[in-house]
Amino acid sequence: MIYFTYAEPYSGVLSSQAIDVCIFLRQNLNVKIRLVMLISIRNFFAERKKIKQELPSAWVIPMFPKMSSWRLNRFTLLFICLLTGERVIIARNVLAAHIALALRKWGIVKKVCYDGRGAMTAEWNEYKVVPSIDISRDIVQLEADAVIKSNFRIAVSNHLVIYWKNTFNYADQNHVVIPCTLNSGFRKLEITTEKIKAARNHLNFADDECILVYSGSTSGWQSFYLISDFLKQLFSVSKKYQVVFLSESNKEIEKLISEFPDLVTQRWLPHKQVQKVLMACDYGVMIRENSITNRVASPTKFAEYLSAGLKILTSDNLGDYTEFVMEHKCGMVVNSKEAIRLSPLSTADRTENIKLTDAFFTKQAQMMNYKKLIDNLK
């Protein structure tokens, strides 16, 4: 079996949702699975080194130059299948699925599983993340084919399956829903009052301050204008808040820092250092605009916030996660215009949030879905 990615550089998300999935399937379900990644020639050796450090057995190969030539990569995958004898492919994203489906049509591959990470057509149209005009013209049909023609499917949310049904008339049940999970190396934090106090003191946060954090990218779907509006409303109620952005800077963050220099800070840290900062905070901010991209999403930061004991501040349109917050009382559903009051979390609250991570957002928690996936690809 091959887990196949195309045109996706190394990132924390790829590490936890592709590399770590292969390791987990090998170690826990005794699956013979090979990670094959076709990546850009640009920074190829640096990217390859990062991937091989985590999974030395991964095949990291240059893809054909220019996204407009993406179909030529069928021949690279064809050679790999002939060389390895593998005939089952889990394909991460729409283009990877099409490359694999071409090999099935040629009789080389027996089964293709489409690993759907989101609504690709909506994402390209709503946020203009278009790698090629040629592909953009065909994206609706490409995504429809990936959904309908694959033998099996992974969806990151129940709302993504609903999107498939409404947009592409998907009427099958050959899928599993597996949210973005933490790395298998995740170990449940043992939260104590002393540890929280030490983490806050290290960052110069007072015990009576309520600390909010945003951790992640500054991509368009992150809706920074809504986050900014919400924080301004929050500051109008009380100045007993501190907000930390663990991200690259952008205009919205810079403007907030200039207006509230004593309340807002921004840092960019290596991924391994993030949890220590999160542990000092109380609420993770996940407020996004109402778009299809966001309604079907499975943000990895949701699990990371919970794993550090934080409650989540989310909007009413974040698909499965808005419903999760309401059902499990692990945060609040807010909007960018309302003024609310927040208090620092107790140790008991933090412990309950961490338990939710263990129950829903680890790969062990999703074991039955992984078993169903493998059983359907045999």
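Below: a short report on this structure.

Conventions we followed
Residues numbered from 1 in each chain as written. Predicted model: local features only at pLDDT ≥ 70, side-chain atom pairs only at ≥ 80, totals over all residues. Heavy atoms only, no water. Axes fitted to C-alpha atoms, helices over the stretch in contact; angles between N-to-C directions. Helix = DSSP H or I, 4+ residues; strand = E, 2+ residues; numbered from the N terminus. Parallel < 35°, antiparallel > 145°, perpendicular 65-115°, else oblique. Left-handed = near helix turned anticlockwise from the far one by under 90°. Contact = heavy atoms within 4.5 Å. Nonpolar A, V, L, I, M, F, W, Y, C, P; charged D, E, K, R; others polar. Buried < 20%, exposed > 50% of the residue type's maximum accessible area, 1.4 Å probe, protein only. Expected span 1.5 Å × (residues − 1). Bend = angle between axes of the 7 residues up to and from the residue. Pairing = 2+ DSSP bridges. Core = buried A, V, L, I, M, F, W, Y, C linked by side-chain atoms within 4.5 Å. Salt bridge = Lys/Arg side-chain N within 4 Å of Asp/Glu carboxyl O.

### Re the packing of helix 9 (residues 224-237) against helix 10 (residues 251-259)
For any two helices packed against each other, one specifies the inter-axial angle together with the distance between the axes. Packing of helix 9 against helix 10 leaves a shortest axis separation of 10 Å and a crossing angle of 15°. Here helix 9 lies roughly parallel to helix 10, going by the angle between them. The two elements helix 9 and helix 10 cross, and the hand of that crossing is right-handed. Across the interface between the two elements, F224, Y225, S228, L231 and K232 from helix 9 touch E252, I253, K255, L256 and E259 from helix 10. Considering only residue class, the contact of helix 9 with helix 10 consists of 5 nonpolar, 1 polar and 4 charged.

### Overview of helix 5 (residues 120-127)
Of the positions making up helix 5, those classed as buried are M120, T121, A122, W124 and Y127. The first or second residue beyond helix 5 is K128, which carries a positive phi of 55°.

### So, the side chain of N93
You can see N93 is positioned in the loop between strand 4 (88-92) and helix 4 (94-105). If we skip the residues at most four places from it in the chain, N93 touches Y6, Y114 and D115.

### Some thoughts on helix 1 (residues 12-29)
Taking 1.5 Å per residue as the helical rise, helix 1 with its 18 residues ought to reach 26 Å, and the 24 Å between its terminal C-alpha atoms agrees with that figure. Remark: the principal bend of helix 1, roughly 40°, maps to D20. Among the residues of helix 1, L14, S15, S16, Q17, A18, I19, D20, V21, C22, F24 and L25 are the ones counted as buried. The elements touched by buried residues of helix 1 are strand 1 (2-6), strand 2 (34-39), helix 2 (44-54), strand 4, helix 13 (300-307) and helix 16 (367-377).

### Observations concerning the sheet that holds strand 7 (residues 175-177)
Ordered in space as 3-2-1-4-5-6-7, the 7 strands form an open sheet in which the pairing is parallel. The outermost strands of the open sheet, each flanked by one partner alone, are strand 3 (59-62) and strand 7. On average, each strand axis in the sheet is inclined to that of its neighbour by 20°, with strand direction left out of account. Relative to strand 4, strand 1 runs parallel, the two being bridged by 4 bridges. What sits directly across from T5, in strand 4, is R92. Sheet contacts for helix 4: strand 1, strand 4 and strand 5 (111-116); angle to strand 5, the most-contacted strand, approximately 175°.

### Observations regarding the nonpolar core
Soluble globular proteins: nonpolar side chains tend toward being buried together. One finds L212, F230, L231, F245, F302 and L342 to be the most contacted residues of the largest nonpolar core, which totals 59 residues. Broken down by element, this core gets its largest block of residues, 7 residues, from helix 9. Among the nonpolar cores identified, the runner-up in size contains 46 residues, and A96, L101, I139 and L160 belong to it.

### Looking at the pattern of salt bridges
The tally for this structure, following the rule as stated, stands at 14 salt bridges. Taking the shortest distance from any N to any O, the salt bridge between K232 and E259 comes out at 3.7 Å. Within this pair, whereas K232 is found in helix 9, its partner E259 is found in helix 10, the two being separated by 27 residues in sequence. Overall, the relative accessible area of 37% leaves E259 in the partly exposed class. Between E304 and K301 there is a salt bridge, with the nearest N and O atoms lying 3.0 Å from each other. Placement of the pair is E304 and K301 together in helix 13, with a separation of 3 residues, close to one helical turn.

These figures come from the coordinates and say nothing about function on their own.
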